[in-house]
Amino acid sequence: MTRPAPVRKPRARSQARIDSILDAARTLLAAEGVASLSIYSVAERAQIPPSSVYHFFASVPALLEALTADVHAAFRACLQAPIDHDALRDWRDLSRLVEQRMLEIYGEDAAARQLILAQHGLTEVTQADRQHDLELGDLMHKLFDHHFELPRLPGDVDVFALAMELGDRVYARSVQQHGQITPRMAEEGMRVFDAYISLYLPPYLPKR
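Small disclaimer: the values here were computed from a predicted structure and weren't measured. (Residues numbered from 1 in each chain as written. Predicted model: local features only at pLDDT ≥ 70, side-chain atom pairs only at ≥ 80, totals over all residues. Heavy atoms only, no water.)

This part is about the overall build of the protein. When helices and strands are counted, the protein shows 9 helices and 0 strands. When the elements of the protein are put in sequence order from the N terminus, they spell out α-α-α-α-α-α-α-α-α. Along the first, second and third principal axes, the C-alpha set of the protein runs to 60 × 55 × 30 Å. Intrachain contacts of the protein at a sequence separation of at least 6 include 71% that bridge at least 24 residues. (Helix = DSSP H or I, 4+ residues; strand = E, 2+ residues; numbered from the N terminus. Contact = heavy atoms within 4.5 Å.)

Rendered as structure tokens:
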């Protein structure tokens, strides 16, 4: 029985080149949006030949998928950051804390807003975002279950992933109208998240 070939990590020099490409793409994306992004503009910004960009990323969607993974890594980190269990009075305290952390990422990262909340029409990026949302939803489910005794949730619906997507639609509308997530729409997005979750979680849950 043959063993599968091990996945090789990029060499340090290659990884440095990938990082410079992604940094350039992130800067251009934040400043000019998805529509103006091209392999040649990224190469010019990174001060490398276009062939070097093509070597690692065959197309603009491939480049944007890598940036989307980057953004979701930041979201995963905010779900895995320490939480003061004793400070939680009910599950809404936890949901508000998590949503505020995610809003901080959106607020500080214009590229994240462009990729996830702006209308760009790129199917590959949208599909990658949805796949990452499923992973984030699973992490959030585990986080809530770690702090509270959850009731049995449906197996055919990813409740937490769908709650995040619904909140994101509110944030997206704010970005499309105002170029940012305004405090008012941030509050509305958190209310939408809680309203959907409350269809499955009762007002009071025993803490772990």
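This brings us to the nonpolar core. In terms of nonpolar packing, the biggest core is built from 61 residues, with L64 and M140 touching the most fellow members. Broken down by secondary-structure element, the contributors of at least two residues to this core are helix 1 (12–32), helix 2 (39–46), helix 4 (60–80), helix 5 (91–108), helix 6 (110–117), helix 7 (123–147), helix 8 (159–178) and helix 9 (183–197). Here the element with the most residues in this core is helix 4; it accounts for 8 residues. (Core = buried A, V, L, I, M, F, W, Y, C linked by side-chain atoms within 4.5 Å. Buried < 20%, exposed > 50% of the residue type's maximum accessible area, 1.4 Å probe, protein only.)

This paragraph deals with unusual backbone geometry. The phi dihedral of Q47 is positive, around 60°, even though this residue is not glycine. Taking relative accessible area as the criterion, Q47 reaches 73% and is therefore assigned exposed.

Another aspect to go through is the UniProt feature "DNA-binding region" (unreviewed entry) in the protein. Residues annotated in UniProt with the feature "DNA-binding region" (unreviewed entry) correspond here to residues 38–57. A helix fraction of 75% and a strand fraction of 0% characterise residues 38–57, whose end C-alpha atoms lie 11 Å from each other. (UniProt positions renumbered as here; feature names shortened; annotations may be inferred.)

Take the side chain of E99 next. Residue placement: E99 occurs in helix 5. With no salt bridge to any partner, buried E99 finds its closest opposite charge in R96, at an N-O distance of 9.2 Å. If near-sequence neighbours (up to four positions away) are discounted, E99 is found in contact with Y171, M190 and F193. (Lys, Arg positive; Asp, Glu negative; His and termini not counted. Salt bridge = Lys/Arg side-chain N within 4 Å of Asp/Glu carboxyl O.)

The terminal C-alpha atoms of helix 1, which comprises 21 residues, lie 30 Å apart, in line with the 30 Å expected from a rise of 1.5 Å per residue. Regarding helix 1, the residues found buried are I18, I21, L22, A24, A25, L28 and L29. Around the axis of helix 1, the buried residues are gathered within 160° of arc, so they sit on the same side. Residues of helix 1 that are exposed and angled more than 90 degrees away from the buried face: A12, R13 and A31. Note on helix 1: the residue one or two positions beyond its end, G33, has a positive phi of about 85°. (Expected span 1.5 Å × (residues − 1). Arc of directions from axis to C-beta.)

Further remarks concern the environment of E65. Inspection of the secondary structure assignment puts E65 in helix 4. For the pair E65 and Y106, spaced 41 residues apart in the sequence, the C-alpha separation amounts to 17 Å.

On to the pattern of salt bridges, then. Within the structure shown, the criterion is met by 8 salt bridges. Among the ionic pairs, D109 bridges to R26, the shortest N-O distance being 2.5 Å. A residue pair is termed long-range when its members are at least 10 positions apart, and D109 in the loop between helix 5 and helix 6 and R26 in helix 1 qualify at 83 residues. The class of D109 is buried, set by a relative accessible area of 15%. When its relative accessible area of 21% is taken as the criterion, R26 is described as partly exposed. We note a salt bridge from R89 to D93, for which the minimum N-O separation is 3.0 Å. Salt bridges here are not isolated pairs; linked through shared partners, they connect R26, D70 and D109.

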